[in-house]
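Coordinate analysis (summary)
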Amino acid sequence: MQHSAQIEAASNGDGTYSYDEYFAAIKPYIENADYAVVNLETPLGGKPYTGYPCFSAPESYLTALTDAGFADRLTEMPDGLDTMLYKDFGENGVEVSGGEAQKIAIARALYKDAPFIILDEPTAGLDPVGREGILANIEAYRQAKNATIMMVSHSMNDVARLTDRLLVLNGAKIAMDGTPEEVFTHAAELEEMGLDIPEVTRVFLRLQALGLDVPAVHTMEQAVAVLKKLKEEHAHA
């Protein structure tokens, strides 16, 4: 009850809270926890306002930052993992780009060694090279840990390559639920919902419309395999 009263006292009366007072109220519940900080306005490797490190195994966290593609930027941080992110809590805070913030958030998720991870647009704001690197590391983590990863994404090219089950939401309801192969056969319906389909799927649907006997494909790897087979068949015809 004491902590509830402290949290209530931290309220500004308009639905918002004083950050400092609110954190002071909840600090007893979390100061001994080893968790990934959601708010990026903290030291790169620690929690704000507590004497406890965010990551009990810094070497493992450094590995996670490397896997997330942040290694080069980390070498530029003046205080290493103690570098404060942004200037909200200090004049010496380091500003990071949206893409860099995304990499830090992913590193914190990977560090937790969790069996289940939810990633919301994990490649948003990243350049093509950064995107491919992040996706490769996420897939490597999934395989190494046998983890379940739920990824929210509008990139149909990514979900076609990486997922084994695809849920399509429309109007806060599940409109489709199946493998990428099953879902992407409904290209017209997806487009009616305002969703795209993989570019390679669009190409092969066009080939089908032109009368070519080709299957529907959803990844570049599938497309290459189909084209190789067609080439071999043509060579032996």
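The following refers to the structure shown. This is a predicted model, so every value here is computed, not measured.

Right, let's get into the nonpolar core. In this structure, Y61 and M77 are the most contacted members of the largest nonpolar core, which totals 26 residues. Looking at this core, the elements with two or more residues in it are helix 3 (58-67), helix 5 (98-111), strand 1 (116-120) and helix 6 (128-145).

Looking now at a nonpolar patch on the surface. A contiguous nonpolar patch, built from F116, I118 and M150 and spanning about 310 Å² of accessible area, is present on the exposed surface. With respect to the helices, strands and loops of the structure, M150 is situated in strand 2 (residues 148-152).

In this model helix 5 runs 20 Å from its N-terminal to its C-terminal C-alpha over 14 residues, within 8% of the 20 Å that 1.5 Å per residue would give. With 12 of 14 residues buried, helix 5 is to be regarded as a mostly interior element. All of the buried residues in helix 5 are G99, E100, A101, Q102, K103, I104, I106, A107, R108, A109, L110 and Y111. One or two residues past the end of helix 5 sits D113, with phi positive at roughly 55 degrees.

With that settled, the discussion passes to unusual backbone geometry. In the Ramachandran plot, E121 falls in the positive-phi region, its phi being about 50 degrees despite a non-glycine side chain. Checked against the element boundaries, E121 lands in the loop between strand 1 and helix 6. Of the residues examined, E121 reaches a relative accessible area of 22% and is grouped as partly exposed.

Analysis parameters
The written sequence of each chain sets the order in which its residues are numbered from 1. In view of the model being predicted, local features appear only for residues whose pLDDT reaches at least 70, and side-chain atom pairs are presented and counted only at 80 or more, with totals across whole chains, interfaces and linings using the full set of residues. In computing side-chain properties, one takes all heavy atoms of the structure into account and sets aside hydrogens as well as water. Among buried residues, those of type Ala, Val, Leu, Ile, Met, Phe, Trp, Tyr and Cys that are joined through side-chain atoms within 4.5 Å constitute a nonpolar core. Burial classification: accessible surface area is computed with a 1.4 Å probe over protein chains only, and a residue below 20% of its type maximum counts as buried, one above 50% as exposed, and the rest as partly exposed. For helices the rule is a DSSP run of H or I covering at least 4 residues; for strands it is a run of E covering at least 2, with both sets numbered from the N terminus onward. Patch criteria: residues need more than 30% relative accessible area and no salt bridge. Like-charged residues are merged within 9 Å; nonpolar side chains of Val, Leu, Ile, Met, Phe, Trp and Tyr are merged within 5 Å. In this description, accessible areas are obtained by the Shrake-Rupley approach with a 1.4 Å probe, and a residue is regarded as covered only by the protein chains that are shown. What makes a salt bridge here is a side-chain nitrogen of Lys or Arg within 4 Å of a carboxyl oxygen of Asp or Glu, nothing more. For a helix, the expected span equals 1.5 Å multiplied by the residue count minus one.

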